[in-house]
Amino acid sequence: MKQYDYLIVGCGLFGAVFAHEAQKKGKSVLFIEKRNHIGGNIYCELQEDILVHKYGAHIFHTSNKRVWEYVNQFVEFNNFINAPIANYKGEIYNLPFNMNTFSKMFQISTPQQAQEIIEAQRGEIKGEPQNLEEQAISLVGREVYTKLIKGYTEKQWGRDCKDLPAFIIKRLPVRYTYNNNYFNDRYQGIPVEGYTALVEKLIDGCDVLLNTDFFSDKEKYLAMADTCLYTGMIDAFYDYCYGELGYRSLRFENETLDMQNYQGVAVVNYTEREIPYTRVIEHKHFAFGTQEKTIITKEYPADWVAGMEPYYPINDAKNTELYQKYADLAANETKILFGGRLAQYKYYDMDKCVEAALALCDRVL
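We now turn to the structure provided with this report. (Residues numbered from 1 in each chain as written. Predicted model: local features only at pLDDT ≥ 70, side-chain atom pairs only at ≥ 80, totals over all residues. Heavy atoms only, no water.)

**Examining the overall build of the protein chain**
Of the regular secondary structure elements, the protein chain holds eleven helices and 16 strands. A globule of 365 residues ought to have a C-alpha radius of gyration of about 21 Å, and the protein chain, at 22 Å, matches this closely. With the C-alpha coordinates aligned to their principal axes, the bounding extent of the protein chain is approximately 70 × 50 × 35 Å. Residues counted as buried form 55% of the 365 residues belonging to the protein chain. For the protein chain, the accessible surface area stands at approximately 17000 Å², while carbon and sulfur atoms represent 46% of it. (Helix = DSSP H or I, 4+ residues; strand = E, 2+ residues; numbered from the N terminus. Rg over C-alpha atoms; globule rule 2.2 N^0.38 Å. Buried < 20%, exposed > 50% of the residue type's maximum accessible area, 1.4 Å probe, protein only. Areas by Shrake-Rupley, 256 points an atom, 1.4 Å probe, with all protein chains shown as cover.)

This is the structure we're talking about:
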């Protein structure tokens, strides 16, 4: 049995960055991946000559020059700017909340008018906000909350906003300029060949076992390498000895449509509670496509149960306390490293994932 310097469990972005840096130091790497493809949740595949983001929209954005230059070594990025819209009962609003949003909602034209209306509406919340609804109103007022936050958030979390903790919405981006760019970051784009091409370049030279469940023979796989980088669910690694961590999951419904252009933008959020999906992605717009057909994906939030893909950690007080118990176990490991969204029970934007992986490389390689 071949012996490796590093076994990496899960072939997503975090592990791929680590593998690339390890190989640069002359280390050998084996990946074990339970899915039938590399790339984790940033996996893209070509359908109808359209690059489809299989696990939801992924737009790379960062203000970290080191991270931007790092990923650009491997693939060329286009100049896609994320400017999603919200559909509330057929009314269309720009996101994030900006002067285009306010001018339509309030029938006004100047930042001062918008600020006065929002300030007046915020005043209904006295004292410290006790739940997400009060927190949101205290930030952006009743009308923006009702049309653009309430229904979407309740679908996302499967609970009424009055039953959700205020800390979930500590900040809401509000701009008093006519700027529809969703992100404030200096650099933004999507790989021209898709994210799978980025991961392929990162892991070039590594051995990869797909369709392989690490837990089917954990001790055997651990014995194949001097050190293991584990990027899966940390509670699963420890056989749920303290109990299961909480997650929200997603279900995707894809349709190929015999038309050139379905919605005119890559992402539309549906913010009323009555529509069961939270958003519709039209993939061709990520690459400014002009194909004859189009592919859309409807995104349905779901409660996570074992066997489903865990997408969003529920970082409430109970789960944070539970995660800390697992983190304490992990801190005592000498031959096992933990990294990434599931192993660190932390939502990572892609740039922060690269940043964290490089930080781990700086520390251990």
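Alright, that's what it looks like, and here's the rest.
**Describing the packing of helix α3 (residues 99–106) against helix α6 (residues 142–157)**
Helix packing for two helices is described by the angle between their axes and how far apart those axes are. For the pair α3 and α6, interaxial distance at closest approach is 12 Å and the crossing angle is 105°. Taken together, the axes of α3 and α6 lie roughly perpendicular to each other. From α3, Thr101, Phe102, Met105 and Phe106 reach across to α6, where they touch Glu143, Val144, Lys147 and Leu148. A class-by-class count of the residues in the contact of α3 with α6 yields five nonpolar, one polar and two charged. (Axes fitted to C-alpha atoms, helices over the stretch in contact; angles between N-to-C directions. Parallel < 35°, antiparallel > 145°, perpendicular 65-115°, else oblique. Contact = heavy atoms within 4.5 Å. Nonpolar A, V, L, I, M, F, W, Y, C, P; charged D, E, K, R; others polar.)

**Brief notes about the environment of Phe102**
Positionally, Phe102 belongs in helix α3. The sequence separation of Phe102 and Gln113 amounts to eleven residues, and the corresponding C-alpha distance is 9.2 Å. Discounting chain neighbours no more than four positions away, the residues touching Phe102 are Phe97, Gln107, Ile108, Ala114, Ile118, Val144, Val174, Arg175 and Tyr176.

**Re α3**
Where α3 is concerned, the buried positions are Met99, Thr101, Phe102, Met105 and Phe106. Buried residues along α3 cover an arc of 150° about the axis, so they all sit on one side. Where α3 is buried, its residues contact β7 (91–94), α4 (111–122) and α6. Its side-chain oxygen at 2.6 Å from the backbone nitrogen of Asn100, Asn98 defines the N-terminal cap of α3. (Arc of directions from axis to C-beta. Polar contact = N/O pair within 3.5 Å; in protein donor to acceptor, adjacent residues only side chain to side chain.)

**With respect to the side chain of His37**
Along the polypeptide, His37 turns up in the loop between β2 (29–32) and β3 (44–47). Judged by relative accessible area, His37 falls into the buried class, the value being 8%. A polar contact of 2.7 Å, which involves the side chain of His37, links it to the side chain of Tyr55. The residues touching His37, leaving out its near neighbours within four places in the chain, are Tyr43, Tyr55 and Leu210.

**With respect to the sheet that holds strand β10 (residues 225–230)**
Reading across the sheet, the five strands line up as β9-β2-β1-β10-β16 and stay open at both edges, with parallel pairing between neighbours. Two strands bound the open sheet, and with one partner strand each, they are β9 (207–209) and β16 (336–338). Strand-to-strand, the axes of this sheet are offset by a mean angle of 20°, without reference to chain direction. Of the pairings in the sheet, the one linking strand β1 (residues 4–9) to β2 comprises four bridges and is parallel in character. By the bridge assignment for β2, Val9 is matched with Ile32. Across the sheet, helix α1 (residues 13–24) lies against β1, β2, β10 and β16, angled at about 165° from β2, the strand it touches most. (Pairing = 2+ DSSP bridges.)

**As for a negative patch on the surface**
Taken together, the side chains of Glu48, Asp49, Asp258 and Glu292 make up a negatively charged region of the molecular surface. Looking at the secondary structure, you find Asp49 in the loop between β3 and β4 (50–53). (Patch = residues over 30% accessible without salt bridge, like charges linked within 9 Å, V, L, I, M, F, W, Y side chains within 5 Å. Salt bridge = Lys/Arg side-chain N within 4 Å of Asp/Glu carboxyl O. Lys, Arg positive; Asp, Glu negative; His and termini not counted. Charge placed at Lys NZ, Arg CZ, Asp CG, Glu CD.)

**Describing the sheet that holds strand β12 (residues 267–270)**
Strand order in the open sheet made by the seven strands is β7-β6-β12-β13-β14-β11-β15, with mixed pairing throughout. Edge positions in the open sheet fall to β7 and β15 (312–313), since each of these has one partner strand only.

**A look at the pattern of salt bridges**
Using the criterion set out here, one finds 16 salt bridges in the structure. With a shortest N-O distance of 3.0 Å, Arg35 and Glu309 are connected by a salt bridge. Linking Arg35 in the loop between β2 and β3 with Glu309 in the loop between β14 (294–303) and β15, this pair joins segments that are 274 residues apart in sequence. The pair Arg35 / Glu309 is uniform in exposure class, with both members buried.

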